[in-house]
There are 2 protein chains.
Amino acid sequence: AAVDKQVDFANYFCTYGFLYHQKEMLSDKVRMDAYYNAIFQNKHHFQGKTVLDVGTGSGILAIWSAQAGARKVYAVEATKMADHARELVKANGFSNVVEVIEGSMEDINLPEKVDVIISEWMGYFLLRESMFDSVIFARDHWLKPDGMMYPSHARIWLAPMKTGLVEQKRRDYEGAMDDWYHFVDETKSYYGVDMGVFTDPFKDEQRKYYLQTSMWNNLHPNQIIGTPALVMEIDCLTATVNDIITINANISSSVTTDNTWLCGFAGWFDVHFRGRNENPAQKEIELSTAPSENCGTHWGQQVFPLHPAVHAGQGDALKVALSMRRSKENHRLLEVDIGGDIKQTSGKQISLPTKMYYIE
Amino acid sequence: AAVDKQVDFANYFCTYGFLYHQKEMLSDKVRMDAYYNAIFQNKHHFQGKTVLDVGTGSGILAIWSAQAGARKVYAVEATKMADHARELVKANGFSNVVEVIEGSMEDINLPEKVDVIISEWMGYFLLRESMFDSVIFARDHWLKPDGMMYPSHARIWLAPMKTGLVEQKRRDYEGAMDDWYHFVDETKSYYGVDMGVFTDPFKDEQRKYYLQTSMWNNLHPNQIIGTPALVMEIDCLTATVNDIITINANISSSVTTDNTWLCGFAGWFDVHFRGRNENPAQKEIELSTAPSENCGTHWGQQVFPLHPAVHAGQGDALKVALSMRRSKENHRLLEVDIGGDIKQTSGKQISLPTKMYYIE
Ligand SMILES: Nc1ncnc2c1ncn2[C@@H]1O[C@H](CSCC[C@H](N)C(=O)O)[C@@H](O)[C@H]1O
Ligand SMILES: Nc1ncnc2c1ncn2[C@@H]1O[C@H](CSCC[C@H](N)C(=O)O)[C@@H](O)[C@H]1O
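Residues numbered from 1 in each chain as written. Chains lettered and ligands numbered in written order. Predicted model: local features only at pLDDT ≥ 70, side-chain atom pairs only at ≥ 80, totals over all residues. Heavy atoms only, no water.

Engineer: Can you walk me through the pattern of salt bridges in this structure?
Structural biologist: Side-chain pairs of opposite charge can arise where the charged atoms are in close proximity. In total, this model carries 42 salt bridges over all chains according to the counting rule given. Salt-bridge contacts for B:Arg325 lead to B:Glu335; the nearest nitrogen and oxygen are separated by 3.3 Å. Of the two residues, B:Arg325 is situated in strand β13 (residues 317-326) and B:Glu335 in strand β14 (residues 334-343); the sequence distance between them amounts to 10 residues. Each of the salt bridges in this network shares a partner with another, and the network as a whole consists of A:Lys80, A:Asp83, A:Arg86 and A:Glu102. (Salt bridge = Lys/Arg side-chain N within 4 Å of Asp/Glu carboxyl O. Helix = DSSP H or I, 4+ residues; strand = E, 2+ residues; numbered from the N terminus.)

Engineer: What should I look at first to understand the sheet that holds strand β15 (residues 349-359) of chain B in this one?
Structural biologist: Sheet strands associate in pairs through backbone hydrogen bonding, adopting either a parallel or an antiparallel arrangement. Residues and elements named next belong to chain B. The strand order β9-β13-β14-β15 describes an open sheet built from four strands, whose pairing is antiparallel. Edge positions in the sheet fall to β9 (246-254) and β15, since each of these pairs with one other strand and no more. Strand-to-strand, the axes of this sheet are offset by a mean angle of 15 degrees, without reference to chain direction. The pairing of β14 with β15 spans nine bridges and is antiparallel. From the neighbouring strand, Leu 334 faces β15, where its bridge partner is Ile 359. (Pairing = 2+ DSSP bridges. Axes fitted to C-alpha atoms, helices over the stretch in contact; angles between N-to-C directions.)

Engineer: Please explain helix α8 (residues 199-210) of chain A as it appears in this structure.
Structural biologist: Think of an α-helix as turning once every 3.6 residues; residues three or four places apart then point the same way. All names here are of chain A. Taking 1.5 Å of rise per residue, 12 residues should cover 16 Å, and α8 covers 16 Å from first to last C-alpha, within 8% of that figure. Along α8, the residues classified as buried are Thr 199, Phe 202, Glu 205, Gln 206 and Tyr 210. Viewed end-on, α8 has its buried residues packed into an arc of 125 degrees, placing them on one side of the element. (Expected span 1.5 Å × (residues − 1). Buried < 20%, exposed > 50% of the residue type's maximum accessible area, 1.4 Å probe, protein only. Arc of directions from axis to C-beta.)

Engineer: Please explain the packing of helix α2 (residues 19-26) of chain A against helix α8 (residues 199-210) of chain B as it appears in this structure.
Structural biologist: Axis angle and axis distance: for two packed helices, these are the angle between their axes and the distance between the axes, and together they describe the pair. With their axes 9 Å apart at the nearest point, α2(A) and α8(B) run at an angle of 115 degrees to one another. In contact with A:Leu19, A:Tyr20 and A:Lys23 of α2(A), α8(B) contributes B:Pro201, B:Phe202, B:Glu205 and B:Gln206. For the contact of α2(A) with α8(B), the residue count by class is four nonpolar, one polar and two charged. (Contact = heavy atoms within 4.5 Å. Nonpolar A, V, L, I, M, F, W, Y, C, P; charged D, E, K, R; others polar.)

Engineer: Quick question: what am I supposed to make of the interface of chain A and chain B here?
Structural biologist: It is common to give the size of an interface as the accessible area lost on bringing the parts into contact. Contacts between the two partners involve 43 residues from chain A, matched on the other side by 43 residues from chain B. Where chain A abuts chain B, roughly 3,700 Å² becomes buried across the two surfaces, and 67% of that area is made up of carbon and sulfur atoms. The largest per-residue losses of area from chain A upon contact with chain B belong to A:Lys23, A:Tyr191 and A:Phe198, which jointly make up 20% of the total buried on that side. Between chain A and chain B we count four salt bridges in total. Between B:Asp179 and A:Lys23 there is a salt bridge, and its shortest N-O distance comes to 2.5 Å. In this structure, the connection of chain A to chain B is made through 16 residue pairs in polar contact (both at pLDDT 80 or more). Broken down by secondary-structure element, the contributors of at least two residues to the side of chain A that touches chain B are α1 (5-11), α2, α3 (29-40), α4 (60-67), α5 (81-91), α7 (165-191) and α8 of chain A. Counting residues per element, the side of chain A that touches chain B draws most heavily on α7(A), which supplies six residues. In the side of chain A that touches chain B, the residues fall into 24 nonpolar, 10 polar and nine charged. (Buried area = accessible area lost by both parts, 1.4 Å probe. Polar contact = N/O pair within 3.5 Å; in protein donor to acceptor, adjacent residues only side chain to side chain.)

Engineer: What is the right way to read the relation of the copies chain A and chain B from this model?
Structural biologist: Two copies of a chain can be linked by a rotation about an axis combined with a shift along that same axis. Between the two copies, chain A and chain B, the superposition gives an RMSD of 0.0 Å; the rotation angle is 180 degrees and the shift along the axis is 0.0 Å. The operation mapping one copy onto its partner corresponds to a two-fold rotation axis. Among all residues of chain A, the one whose C-alpha sits closest to the rotation axis is A:Val7, at a distance of 2.4 Å. (Least-squares fit on C-alpha atoms with pLDDT ≥ 70 in both.)

Engineer: Just to check I follow, could you spell out the packing of aromatic side chains for this structure?
Structural biologist: Between two aromatic rings, the relevant description is the distance of the centres plus the angle of the planes. One pass over the structure, following the stated rule, counts 36 aromatic pairs over all chains. When the centroid spacing of 5.2 Å and the interplanar angle of 75 degrees are considered together, the rings of A:Tyr36 and A:Trp64 count as edge-to-face. Placement of the pair is A:Tyr36 in helix α3 and A:Trp64 in helix α4, with a sequence separation of 28 residues. In this structure A:Tyr36 comes out as partly exposed when scored by relative accessible area, which is 23%. Judged by its relative accessible area of 0%, A:Trp64 is buried. Pairing B:Trp180 with B:Phe202 gives two aromatic rings, centres 4.1 Å apart and planes at 15 degrees, and the pair type is stacked. Of the two residues, B:Trp180 is situated in helix α7 (residues 165-191) and B:Phe202 in helix α8; the sequence distance between them amounts to 22 residues. Among the residues examined, B:Trp180 registers a relative accessible area of 1% and is labelled buried. Residue B:Phe202 is classed as buried on the basis of its relative accessible area of 1%. Among the aromatic residues, those joined into a cluster by ring pairs are A:Tyr36, A:Phe40, A:Trp64, B:Tyr190 and B:Tyr191. Geometry around A:Tyr12 places A:Arg332 over its ring, the cationic atom sitting 3.8 Å from the centre. Positioned above the aromatic ring of B:Tyr358, the side-chain terminus of B:Lys208 is 4.0 Å from the ring centre. (Phe/Tyr/Trp six-rings, centres within 6.5 Å; stacked < 30°, edge-to-face > 60°. Lys NZ or Arg CZ within 6 Å of the ring centre and 35° of its normal.)

Below, the structure is given as structure tokens:
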């Protein structure tokens, strides 16, 4: 279905219009260090070049590009944040280099093609928000044939994990249902209306909310109980919308912790700044959102819960089929199916029936 | 400006599509008792009559109307909740009386005019959500000349109050700004960009959020420090959209608590079910959302904070000018100006400069 632009603005873009939200991203040191180092340790990619910043937000990446020596930077931003970005550019003395353009990437015009496209387009589990579509559009329309992408590559990861959160959610769900049954009784006895017919749809709503929606979490590395598996790798220079609109992956992982519980799967992503083959980075930079002892990002990880948890031990072999698509109601949200089996070292095989999760 | 229907759906109607949200309203005993008693203690208004329920949600008011003896009930609901309502009607045995119609009140057609319009249209501070517009539309198009409105009357109240919440918000605001200055310093020293130019707009955003937006609260009656003043009274049978689209009121209150602090104003509403002059209610029912020791409603009260608080004592005379209008960006949200003065028993007069508040 065609996307209603104004609805998309109400649902998606609106939050980016607040400095409060931009500040959250600007305060994410892992994110900031990665882009900062990617630019300033690879100045040769920027010196004297033209740059396009897709979704400039506060204007930070555009200003860094100018500071690194870009000749001209086009900084495109869909929301009113564009006005603030323009002020920031001016206050930092780059009005002659950075041109802030308010509009959607898909609608605006540039006077020339560019050498570099830089963008921070990544959402939860990489693809939530579907903003990479706009970067692909920018690349196909405005990148020179020998131009390059910042970042140049992106990867999605999935790993088996344990967490108390899943049990907590299960208890919350059961509490909500207990409360519901009480509500049905009371409404019948006080107000003479039998709400029992709502029990199933209410249960569905609550299951979706507590049990079928992936959860944001900043995991500790020791919560990952097996080898992370690569779900997909994206070459930002060549990927098409078709490559990311649905994803199907068959992956495997082996459990590395003994006598533990498989409570679900954790998903995250990383991106790399490698320049391009003919013109590589001098210093290759990685931005990872993997579980980390003290370098969490605002992306955290997405947890896909498993009910009930499955006992697992070192050496158990996991096979997982993951498929992901966009939600029909909102193309910026995702739906994921995860299923598979676990083959224990004893030889016993336990199947993990396919479950559907929402990334909301 | 014309309202984009799909944006209105994304911003407003969407929450009403969840049983979870309908349950919150259905669990509000003060609200439920009022409508229940209004209907069942005035069965003569329903027996053998045709009824229109504007925004039937779960279908509760339509079913009660049928139980009270209505000949036919049209139950109009804009969201997919209409499907659930239809199921509830069926499960409770009223499919022959209640007809659920999915659609906006403004768009749908009825086969006849009705004797009674019932609706639960009230938002925070009565008018937030602007749903009464749809009730007016329904009345003007579908109520018989001698028909009646359930509820028949509505009133908005404002009273001086004290609360620790206002100081708390002030501290939160100051914390957010301290954090901001730290952020500006760090971004300058680590990342070479001076964000100082964002300080004023960020401050505006935070002021709006912490200090200029009314707060939901369930107040205890002893937090009200003066006589409540009537801001406006609505006769649901005759009010026009013009009467409610902007409101200007000059009101007065006298402080009834000694040696206290005026920390702001509390706003709430009540509605009455009186039938109509020629055909009054046998038993007149009131639904009040005033501060109450143990009968809070899900509406609570709206608190309009005053910074700094003003010392006040018994007998002090307050004069307040209140004006209210709809937000330009979203016609379902409100903006309120409140200003005035307080004349202390000593004769000293303190002015309360006009402040603007958002009801979001
Ligand atoms: N199609 C599109 N056209 C223009 N701006 C877009 C866009 N899709 C997303 N955006 C904007 O892209 C930004 C992504 S957030 C990143 C902001 C900034 N580059 C930084 O790194 O801090 C948001 O401000 C959002 O409004
Ligand atoms: N113009 C309109 N047309 C149809 N339904 C509307 C409407 N404006 C609001 N509504 C619906 O009105 C309901 C208000 S909430 C009240 C629900 C129910 N009558 C009860 O008392 O429990 C919501 O479900 C909302 O979706």
